[in-house]
There are 2 protein chains.
Amino acid sequence: MIALGGNAIKQADERGTTEEQFRNIVTTCRQIVKILEKDPDMELAITHGNGPQVGNLLLQQEKASDAIPAQTLDVLNGMTQGQIGYMLQQTLQNSLREAGGKLGRRQVISIVNQVLVSRDDPDFLDPSKPIGNFFTKAEAERLAAEEGYVINPPAGKKYLDKKMKGMVIKQVKPANVTPRPFRRVVPSPEPIRNVEAEVIRLLVEQGIIVIASGGGGIPVIMNEQGRLEGVFAVIDKDKAGEKMASAIKATDFLILSDVEYAMLNFGKENQKPIRRISVREAEKYLSEGHFLAGSMGPKVVACIRFLKNGGRRAIITSLHKAAEALEGRVGTHLYR
Amino acid sequence: MIALGGNAIKQADERGTTEEQFRNIVTTCRQIVKILEKDPDMELAITHGNGPQVGNLLLQQEKASDAIPAQTLDVLNGMTQGQIGYMLQQTLQNSLREAGGKLGRRQVISIVNQVLVSRDDPDFLDPSKPIGNFFTKAEAERLAAEEGYVINPPAGKKYLDKKMKGMVIKQVKPANVTPRPFRRVVPSPEPIRNVEAEVIRLLVEQGIIVIASGGGGIPVIMNEQGRLEGVFAVIDKDKAGEKMASAIKATDFLILSDVEYAMLNFGKENQKPIRRISVREAEKYLSEGHFLAGSMGPKVVACIRFLKNGGRRAIITSLHKAAEALEGRVGTHLYR
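Residues numbered from 1 in each chain as written. Chains lettered and ligands numbered in written order. Predicted model: local features only at pLDDT ≥ 70, side-chain atom pairs only at ≥ 80, totals over all residues. Heavy atoms only, no water.

With that out of the way, let us pick up the overall build of chain A. Across its full length, chain A holds 10 helices and 18 strands. Relative to a compact globule of 336 residues, whose C-alpha radius of gyration would be 20 Å, chain A shows 20 Å and is just as compact. With the C-alpha coordinates of chain A rotated into their principal frame, the extents come out at 60 × 50 × 40 Å. For chain A, the residues scored as buried account for 59% of the 336 residues in total. Here chain A displays about 13900 Å² of accessible surface, and carbon together with sulfur accounts for 49% of that area. Averaging the locations of the 46 positively and 39 negatively charged side chains of chain A gives two centres separated by 3 Å. (Helix = DSSP H or I, 4+ residues; strand = E, 2+ residues; numbered from the N terminus. Rg over C-alpha atoms; globule rule 2.2 N^0.38 Å. Buried < 20%, exposed > 50% of the residue type's maximum accessible area, 1.4 Å probe, protein only. Areas by Shrake-Rupley, 256 points an atom, 1.4 Å probe, with all protein chains shown as cover. Lys, Arg positive; Asp, Glu negative; His and termini not counted. Charge placed at Lys NZ, Arg CZ, Asp CG, Glu CD.)

The following block contains the structure:
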């Protein structure tokens, strides 16, 4: 199971045109083919983030909302699964066909995929996930005055409302993003269960490469009537990826981003790449605050959970070192 | 195999909020459950249109294009597969669980699905598919002057360009939509093959209800390098549905819209519902012009192709009569 980070689809300095995204995805799929070339029958599932895409989509929908009703955030998440799923699926199909042989016969499918969260998750009371653009203090204040956004609200108000507006702006940490230190935040509840895990497992076992749980999955709760219902939230894609990896009984969980290693003492002078650690050590480092919340933190948490749920090996490394990492030559390797 | 018309998701007089669409889909899924209750083990695949949704999305993306790059039409089609697929999948899951028993154990999955078309399809030279809103003559002329749209161009220029702009406005027939008789048109090439048919068939055979080929599928060509590549086009959803129905060897093809019958002499004083016709009769009526192009026409064509490709029975009827139609009590039934 591979979890692709944002850079697999959109580079930080790009605007996010279709052309740019396809170009990045071609590079990404070349890495995936490199992995499969070592084991053409490998059962494989892929997940991906959607931060920049869902942020852009939200903004587009809001900008046009005088003419056309903006869809709710759960629906937008479904839309980005269709968007990114399509681009990944088509490009991987093309790359596999070009590789030929056994790989040329592998099939690829992206699915629409929901992930269950709890309606009582504390993040609905204190939203933590930044999305979309950065704002200056003045811009944030204008949004508050004109659009009704709340800046740095006290925790405790419930943001799980029917209208799914939840317009909250928070000051971002760390402060290295000044002079635009404000950003919109949405609730990021813990994933409980991948709703379509059984279908994913069936497909993977048939040798089909499955793209699922995109953007952390579409967040749904079980409502009072026992029906699934979308909520205003974004689930962390690595934590959701872990739920999927464990449900389909993946042996290896590969989290790819733009750094080759998780670091001890991250951001400090004595920072140092981690090569091999046990779950116990990882838990210790995590509690000591070595990993950034919302960045390396959830990746390490996802790896720990995966190993505790029966996984064999979890690796955190960069997209471009994926194949070498699987051979043990690079990356942060976690074991039970 | 069921093909859902636009009214299954959005009523003509609605703005298209998430709430409205979910409400319509609840009614739609009630019909589907009614069909399944007569045969809880029935293998079932579903497709749906996306006209209003992709039109809205295109407009939103264009309205916000000074801030955020608009995605190309193939990507937008993928987005609407995620959007509508999510809403249908979740609602059908809920409806099945409420029905309980065997139905409560049926699984539902929406997939991202491409449909192959020819780069030489004549519709790329003379786009025929209206999308989005209606315009007055003055509005159309303003769009031509300010945005570079072409009004009623002579056929022959190729609209299959890399930028996928293809901004063409045509006068719409019939004239009953005046005083807003202009509409944007896009190429609507003939579907050749459902790219992911094998995966769909596998899922359906496992008893999983599959939602696929949404919006006629994401239109792709095989380019000069032998790679799949999205194009600026929209495929007719009933014709694409036929390709899928035939590929998965469906026995019955049910096309649901807002009318109970296809009509002989449609729109005339002597119009008369068609109850049972053979392929040969249907072809005769089609060539005599009894069915509206872009409306009943492609539905009848899809049914004829389905039967010629080995299908047993094709039915055209209204969404709300679906279950009765399957029992033969209502609807236009086509046979070999």
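The subject of this paragraph is the packing of aromatic side chains. By convention here, two paired aromatic rings are described through the distance between centres and the angle between planes. All names here are of chain B. Counted according to the given criterion, the structure contains 4 aromatic pairs over all chains. Centroid distance Phe-22 to Tyr-86: 6.0 Å. Interplanar angle 90°. Geometry classified as edge-to-face. Taken together, the positions of Phe-22 in helix α1 (residues 18-38) and Tyr-86 in helix α3 (residues 73-99) put the pair 64 residues apart, joining distant regions of the chain. Taken as a pair, Phe-22 and Tyr-86 share a single burial class, namely buried. Measuring from centroid to centroid gives 5.3 Å for Phe-253 and Phe-306, while their planes differ by 55°, and the two rings are tilted. Here the residue Phe-253 occupies a position in strand β13 (residues 252-257), and Phe-306 occupies one in helix α8 (residues 296-308), the gap between them amounting to 53 residues. Judged by relative accessible area, Phe-253 falls into the buried class, the value being 1%. (Phe/Tyr/Trp six-rings, centres within 6.5 Å; stacked < 30°, edge-to-face > 60°.)

With that settled, the discussion passes to the sheet that holds strand β5 (residues 129-135) of chain B. All names here are of chain B. The strand order β5-β8-β7-β6 describes an open sheet built from 4 strands, whose pairing is mixed. In this open sheet, the two strands that pair with only one neighbour each are β5 and β6 (150-151). Examined bridge by bridge, strand β7 (residues 168-171) and strand β8 (residues 182-186) share 4 bridges and lie antiparallel to one another. Note that in β8 the partner of Ile-169 across the bridge is Arg-184. Contacts from helix α4 (residues 137-147) reach β5, β6, β7 and β8 within the one sheet, and its direction differs from that of β5 by about 110°. (Pairing = 2+ DSSP bridges. Contact = heavy atoms within 4.5 Å. Axes fitted to C-alpha atoms, helices over the stretch in contact; angles between N-to-C directions.)

Here the focus is the relation of the copies chain A and chain B. For the pair chain A and chain B, the best superposition has an RMSD of 0.0 Å and corresponds to a rotation of 180° with a translation of 0.0 Å parallel to the axis. Taken together, these values place the two copies in the relation of a two-fold axis. Mapped onto chain B, 100% of the interface residues of chain A again fall at the interface, so both copies present the same surface. (Least-squares fit on C-alpha atoms with pLDDT ≥ 70 in both.)

On average, chain A scores 91 in pLDDT, and the residues at 70 or more come to 94%. ipTM for the predicted complex: 0.93, alongside a pTM of 0.94. (pLDDT = per-residue confidence, 0-100.)

Listed per partner, the contact involves 61 residues of chain A and 61 residues of chain B. Here chain A and chain B share an interface that buries about 5000 Å² over both sides, 56% of which is from carbon and sulfur atoms. Counting the surface chain A buries against chain B, the share from its top three residues, Gln60(A), Tyr86(A) and Arg227(A), is 14%. The tally of links between chain A and chain B comes to 2 salt bridges. For Glu98(A), the salt bridge goes to Arg227(B), with nearest N and O atoms at 2.7 Å. Connecting chain A to chain B are 30 residue pairs in polar contact (both at pLDDT 80 or more). Elements with a contribution of two residues or more to the side of chain A that touches chain B: α1 (18-38), α2 (51-63), α3 (73-99), β3 (108-110), α6 (197-205), β11 (218-222) and β12 (228-230) of chain A. Tallying contributions element by element places α3(A) first for the side of chain A that touches chain B, with 17 residues. (Buried area = accessible area lost by both parts, 1.4 Å probe. Salt bridge = Lys/Arg side-chain N within 4 Å of Asp/Glu carboxyl O. Polar contact = N/O pair within 3.5 Å; in protein donor to acceptor, adjacent residues only side chain to side chain.)

Time to look at the environment of Met167(A). All names here are of chain A. For Met-167, the position within the fold is in the loop between β6 (150-151) and β7 (168-171). For Met-167, a relative accessible area of 21% gives the class partly exposed. In contact with Met-167, other than residues within four places in its own chain, are Glu-147, Gly-148, Tyr-149, Val-150 and Arg-184.

Our focus in this paragraph is the sheet that holds strand β16 (residues 276-278) of chain A. Residue and element names in this part refer to chain A. The strand order β3-β10-β2-β1-β13-β17-β18-β16 describes an open sheet built from 8 strands, whose pairing is mixed. One side of each edge strand has no neighbouring strand; the edge strands of this open sheet are β3 and β16. Sheet twist, expressed as the average angle between the axes of neighbouring strands with direction ignored, equals 20°.

Attention shifts here to the environment of Gln11(A). Within the fold, Gln11(A) resides in the loop between β1 (2-4) and α1. C-alpha of Gln11(A) to C-alpha of Pro52(A): the two residues are 41 residues apart in sequence and 9.6 Å apart in space.

Moving on to the pairing of β7(A). Here β6(A) pairs with β7(A) via 2 bridges, running parallel. The residue of β7(A) that forms the bridge with Val150(A) is Val168(A).

The next point concerns the side chain of Gln81(B). Structurally, Gln81(B) can be placed in helix α3. A residue is classified by how much of its surface remains accessible, and Gln81(B), at 3% relative accessible area, is buried. A distance of 2.9 Å separates a polar side-chain atom of Gln81(B) from the backbone nitrogen of Asn113(B). Apart from the residues within four sequence positions on either side, Gln81(B) is in contact with Val112(A), Tyr86(B), Ile111(B), Val112(B), Asn113(B), Ser213(B), Gly214(B), Gly217(B) and Ile218(B).

Relative orientation of the contacting elements α6(A) and helix α5 (residues 197-205) of chain B amounts to 120°, with a least axis distance of 11 Å. As judged from the angle between their axes, α6(A) and α5(B) are oblique. Handedness of the α6(A)/α5(B) crossing: right-handed. Contact with α6(A), carried on its side by Val199(A), Leu202(A) and Leu203(A), involves Val199(B), Leu202(B) and Leu203(B) of α5(B) and no other residues of that element. Each residue belonging to the contact of α6(A) with α5(B) can be placed in one class, and the counts come to 6 nonpolar, no polar and no charged. (Parallel < 35°, antiparallel > 145°, perpendicular 65-115°, else oblique. Left-handed = near helix turned anticlockwise from the far one by under 90°. Nonpolar A, V, L, I, M, F, W, Y, C, P; charged D, E, K, R; others polar.)

The phi torsion of most residues other than glycine is negative, and most of the peptide bonds are trans. One non-glycine residue, Asn265(A), lies in positive phi territory at about 55°. Mapping Asn265(A) onto the fold places it in the loop between β14 (263-264) and β15 (272-273).

Bringing α8(B) into the picture now. Note on helix geometry: an α-helix contains 3.6 residues per turn, so any two residues three or four positions apart are oriented the same way. Residue and element names in this part refer to chain B. Compared with the 18 Å implied by 1.5 Å per residue over 13 residues, the 19 Å span of α8 between its first and last C-alpha is a close match. The buried fraction of α8 is high, at 11 of 13 residues. Of the residues making up α8, those classed as buried are Met-296, Gly-297, Pro-298, Lys-299, Val-300, Val-301, Ala-302, Cys-303, Ile-304, Phe-306 and Leu-307. Contacts from the buried residues of α8 go to α6 (237-247), β13, α7 (279-287), β17 (313-318) and β18 (332-335). Two residues or fewer past α8, Gly-310 is found with a positive phi of approximately 110°. (Expected span 1.5 Å × (residues − 1).)

Residue and element names in this part refer to chain B. Tracing the chain through its elements places His-48 in strand β2 (residues 45-48). A residue is classified by how much of its surface remains accessible, and His-48, at 2% relative accessible area, is buried. Ignoring sequence-local partners within four residues, the contact set of His-48 consists of Leu-4, Ile-9, Ile-84, Gly-85, Leu-88, Ile-211, Ser-213, Gly-214, Gly-215, Gly-216 and Lys-237.

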